[in-house]
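Read off the chains here:
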Amino acid sequence: MVGSGWTAVTYVVCVPLYIKLMGIESYGLVGFFVTLVAVSSLLELGLGATLNRELARRSVDPAATGDARDLVRTLEIVYWALTATMGAVTVLLAPAISHHWLRSSTLPPSTIQSAVVLMGLVLTFQWPLSLYSGGLRGLERQVALNTILVVMMTVRTGGAVLVLWLVSPTVHAFFLWQVLAAAAHTALAGLVLWRALPAGRRRSRFRRDLLRGIWRFAAGLSGTSVLILALTQSDKLILSSLLSLRFFAYYSLAALAAGSLAYIFLPVFQAAFPRFSALVAAGDDAALTRTYHRMAQVVAVLILPTAILVAAFARRILEIWTGSPATAGHTEAVLRLLILGTALNGLVNVPYALALAFGWTRWAFLLNLAALAIFLPALVLLALRFGGEGAAAAWLGLNAAYLVVGIHTLHRRLLHGEKVRWYLRDVAAPAGAAIIVVAGARALYPSGLGTAPTVVFLGLTLGLALLAAAVSVLGLPQGSDLSSGFLRLRRTGRDSLRAWR
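Residues numbered from 1 in each chain as written. Predicted model: local features only at pLDDT ≥ 70, side-chain atom pairs only at ≥ 80, totals over all residues. Heavy atoms only, no water.

1. Let's talk about the environment of Ala173
Spelled out, the test is: Secondary structure follows DSSP: runs of H or I at least 4 residues long count as helices, runs of E at least 2 residues long count as strands, and numbering of each begins at the N terminus. Buried, partly exposed and exposed residues are distinguished by accessible area as a fraction of the type maximum, computed with a 1.4 Å probe on protein chains only: under 20%, between the cut-offs, and over 50%, respectively.
Among the secondary structure elements, Ala173 is positioned in helix α8 (residues 171-196). By relative accessible area, which is 11% here, Ala173 ends up buried. Separated by 188 residues in the primary sequence, Ala173 and Thr361 place their C-alpha atoms 42 Å from one another.

Shown next, in the form of structure tokens:
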């Protein structure tokens, strides 16, 4: 949580400085790079998450730890081959992207092309970081991984501000610094992973048989990742072509702010997934159920009050963050829709970790395949009609469907009988408590309040909303009592209806 929180803080502090030093259109290129990073994960083939799961499973089986180093070496070789290919493709596509995809009224195509080339180099050095990070999470070396994250994100974002301020306020200087920082970050994470692995009696080597043992899970996860990528990034790809670079920058800014919720729920997912995997391998169903609900409650208590507060005070928060009422005016509606949709998406992350721990990738694949068939046409139609607001509304609708359909189908197979507890205790209770607190604060908020008093007011409101959400979870009956009570109520109602008939 500290590592992700620090990353969010660095972006909150540095993004307005990037915009001020480079200009809004140059920052639009940064937003395009963020989308490019997500799209490049198509080549990842689920190898980072696979290494996470396999190292976690081996951690509870002493007889299976011997091939851990060979597994890391095997996936490392595959990963670096893929990242070299991906970087080369990005460089080759730079002329087409700069002349036929991105539109700018101030930046010449040659500047955009050279920036895209540098993006390809950043991707080449940054991409293997997800493999090394997945390995460290599988070994549950969360503290070491996040220590690296805190240090390198400070270097990466703070150093970029210094370069833009003291050296050159250009997009080229920004991406040159990103190349150096990405290479250092990846090298450090790889070194720490290799030192954390169990000691080996021989030199690690590439083993094709290890790939045969994991390919089914990796393939299922890769297919799911492709669908998730299409669902989460298609709005940006479509809007980057439909909108001018300036208005795409506004949408990217709202997406960045809404995406900050991921810095809250992803650490829980990253800690829960290897723990779930180990508990599944050990066959400890009671501990698995207990840990599942605990992690779900942590996510709900942390992200729902935050998302509801930002949605209620979106314009004022954007004005304080960017210092520009015009930017806030163009961004607030999109931010409200995106952050509520992202909050719903965050709630499904713990159930998704549970499915992966059981190796049930088919659930997520089929769910996302059905969602994609509905979401993409709706996204295109809404984006053409309403621009950024339409795309954001499609994102909110997609994640509302996940919450209904996805959770129901998951609990029909895994942790049967725990669905009611998840809906009522883990989600509905903290959501209701947070809405009451934020709605009261919104009604009491005085117009014309200055920046510093507003920050204090919003901070107190968030604190009260978090407290209310936590108390709502702790104050409800235990899960077994809650679920059995609901089932008794439903059974009684059904029997009464039959008697009446």
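Resuming the write-up.
2. Some details on the confidence of the model for the protein chain
Short version of the rule: Confidence per residue, as judged by the predictor, is encoded in pLDDT with a range of 0 to 100. Here, residues are in contact when the closest pair of their heavy atoms is within 4.5 Å.
Here the protein chain shows a mean pLDDT of 83. Residues at 70 or above account for 90%. The spread of mean pLDDT over the elements of the protein chain runs between helix α20 (residues 479-500), the lowest at 49, and helix α12 (residues 285-312), the highest at 94. Counting contacts from residues 478-487, a segment whose pLDDT is below 50, to residues more than four positions away or on other chains yields eleven contacts.

3. Comments concerning the environment of Asp209
The topology assignment puts Asp209 in helix α9 (residues 208-242). The class for Asp209 is partly exposed, based on a relative accessible area of 35%. C-alpha separation for the pair Asp209 and Leu71, spaced 138 residues apart in sequence, amounts to 9.7 Å.

4. Looking at the pattern of salt bridges
Selection criterion: One speaks of a salt bridge when a side-chain nitrogen belonging to Lys or Arg is within 4 Å of a carboxyl oxygen belonging to Asp or Glu.
Inspection of the entire model under this criterion finds seven salt bridges. Close ionic contact of Glu140 with Arg275 constitutes a salt bridge, the shortest N to O distance being 2.9 Å. One end of the pair, Glu140, is in the loop between α6 (129-138) and α7 (142-167); the other, Arg275, is in helix α11 (residues 262-282), with 135 residues separating them in the sequence. A relative accessible area of 34% places Glu140 in the partly exposed class. Residue Arg275 is classed as partly exposed on the basis of its relative accessible area, which comes to 39%. Within this structure, Arg315, Arg316, Glu319, Glu332 and Arg336 form a network of salt bridges that share partners.

5. Things to note about the packing of aromatic side chains
Test applied: When two rings of Phe, Tyr or Trp (its six-membered ring) have centres within 6.5 Å they constitute a pair, described as stacked for plane angles under 30 degrees, edge-to-face for angles over 60, and tilted for the intermediate range.
All chains considered together, the criterion is met by twelve aromatic pairs. Judged by centre distance (5.5 Å) and plane angle (70 degrees), the rings of Phe33 and Phe175 are edge-to-face. Taken as a pair, Phe33 in helix α2 (residues 24-40) and Phe175 in helix α8 lie far apart in primary sequence, 142 residues in all. A relative accessible area of 7% places Phe33 in the buried class. Of the residues examined, Phe175 reaches a relative accessible area of 0% and is grouped as buried. Seen in terms of ring centroids, Phe313 and Tyr445 are 5.6 Å apart; in terms of plane orientation they differ by 80 degrees. Their pairing is edge-to-face.

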